[in-house]
Amino acid sequence: MTEKIRPLIWQGRALKLLDQRALPEKESYITCHTLEEVQKCIREMAVRGAPAIGVASAFALVLAAQKYIHDLNAKDGLKNGFSPSGLQNYLTLSGDALRATRPTAVNLSWAVERMLKKCRDLGAVSPETMLTAFEREAIHIFEEDLAANKKIGSFGAKLFAPNSNVLTHCNAGALATAGYGTALGVLRSAFRAGTIKHVYACETRPFLQGSRLTAWELQKEGIPFSIIVDSAAGYFMYKQEIRSVIVGADRVAANGDIANKIGTYALAVLAQANKLPFYVAAPFSSIDLSISSGEEIAVEERAPEEITTYKGTPLSPPGAQAKNPAFDITPANLITVLITEHGILPFPREKQLRRFVQQRGRKLG
Ligand code: MRU
């Protein structure tokens, strides 16, 4: 069962991360004791997926705060007192280092910002009080994400008619979040409600989040699925074997454009050409009203070796060039609905999206 997939385990003084590079062959955890170790895991994609890297960053800042106070204590037994503003400055720099790891998903920045605000709001308190409250905030971020996913799942499950065949891309599952998943969480809930017949999972070159991770989750859940190569999606849509598409998002701009795994835009165009609905599932922590459109989203460019090699084996002639954008932008006009933990927004365009966010009592950006 999904609830058994635990991508992040907080242990009070360490963060354990399920190493997603080793899946599906091996289920092994990396234990991080420092912010730098978490940072490395995010950069190298041992932990990945927009909400998961946000949650990991929140815990990384707790590790940084623990280290700061531990070092002060070791230096002079805190004889010279503890300055909350010194800690705030240290955490601001630590937050900047985390933000630099993967720029596209807004959840990472959002989590860092929320943790820094907590630290500022706590003001002049003892180091013990600071650490306890700070850790509690990271745990809240984790728990809220899990709860949001389950709500996204139950709202989204209503979109599917019985016997649905659905395509998904990349991995927006338990592994990409605190647990359960967004797009894959919806499929999970819909399957439990009895409406999903078959899931098509794009393999998602070059990191293979679909064929390695989504397939692993679907298999654990007992959902019937087929992996297809990314370029086969149009073929199955044209034949109407696939009847809808659902994906997650790394960032939703104010006008409803989204950033998601490279290949998402092509799927949205294909869905429109074949008159199929294109669903996006994302929590409010992925919505960034501070940017007006997808054009302003920084798209991460990853190493060409991810394309030209696989686990050290060359796939291309020596010296071959490759371009490896990790994400693309899907314009709002190709999106049928946005599924969030606060409900479903049909045709998420600027006016509707701003009103939707405001009405649900959250001010973002
Ligand atoms: O590069 P990745 O694997 O971190 O990309 C992940 C995606 O694109 C997901 O679809 C997105 O983060 C949403 S996860 C709930």
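Higher on the page you've got the structure.
Residues numbered from 1 in each chain as written. Predicted model: local features only at pLDDT ≥ 70, side-chain atom pairs only at ≥ 80, totals over all residues. Heavy atoms only, no water.

Participant: In this structure, what is going on with the environment of Gly54? I would like to understand it.
Facilitator: Within the fold, Gly54 resides in helix 2 (residues 50–76). Look at Gly54 and you get buried, because its relative accessible area is 3%. Spatially, the C-alpha atom of Gly54 lies 26 Å from that of Glu305, the residues being 251 residues apart in sequence. For Gly54, the contacting residues outside a window of four places in its chain are Asn107, Leu108 and Ala111. (Helix = DSSP H or I, 4+ residues; strand = E, 2+ residues; numbered from the N terminus. Buried < 20%, exposed > 50% of the residue type's maximum accessible area, 1.4 Å probe, protein only. Contact = heavy atoms within 4.5 Å.)

Participant: Mind showing me how you'd approach the site of the ligand here?
Facilitator: As a matter of local geometry, the ligand sits amid 18 residues, with Arg48, Arg102, Gln209, Asn260 and Lys261 nearest to it. Here an oxygen atom of the ligand sits 2.8 Å away from a polar atom, N or O, in the side chain of Gln209. Secondary structure elements with two or more residues in the shell around the ligand: helix 2 and strand 9 (258–261). Split by residue class, the shell around the ligand holds 8 nonpolar, 6 polar and 4 charged. Counting contributing residues, the shell around the ligand receives three or more from each of domain 1 (2–149) and domain 2 (155–359). (Near = heavy atom within 4 Å. Polar contact = N/O pair within 3.5 Å; in protein donor to acceptor, adjacent residues only side chain to side chain. Nonpolar A, V, L, I, M, F, W, Y, C, P; charged D, E, K, R; others polar. Domains from an automatic or database assignment.)

Participant: Just to check I follow, could you spell out the sheet that holds strand 3 (residues 29–32) for this structure?
Facilitator: Hydrogen bonds between backbone atoms are what pair the strands of a sheet, whose relative direction is either parallel or antiparallel. The antiparallel open sheet is built from 3 strands, whose spatial order is 1-2-3. Edge positions in the open sheet fall to strand 1 (8–10) and strand 3, since each of these has one partner strand only. Direction aside, the axes of adjacent strands within the sheet are offset by 20° on average. Sheet topology places strand 1 next to strand 2 (residues 15–18); 3 bridges connect them, and they run antiparallel. Bridging from a neighbouring strand, Leu8 pairs with Leu17 of strand 2. (Pairing = 2+ DSSP bridges. Axes fitted to C-alpha atoms, helices over the stretch in contact; angles between N-to-C directions.)

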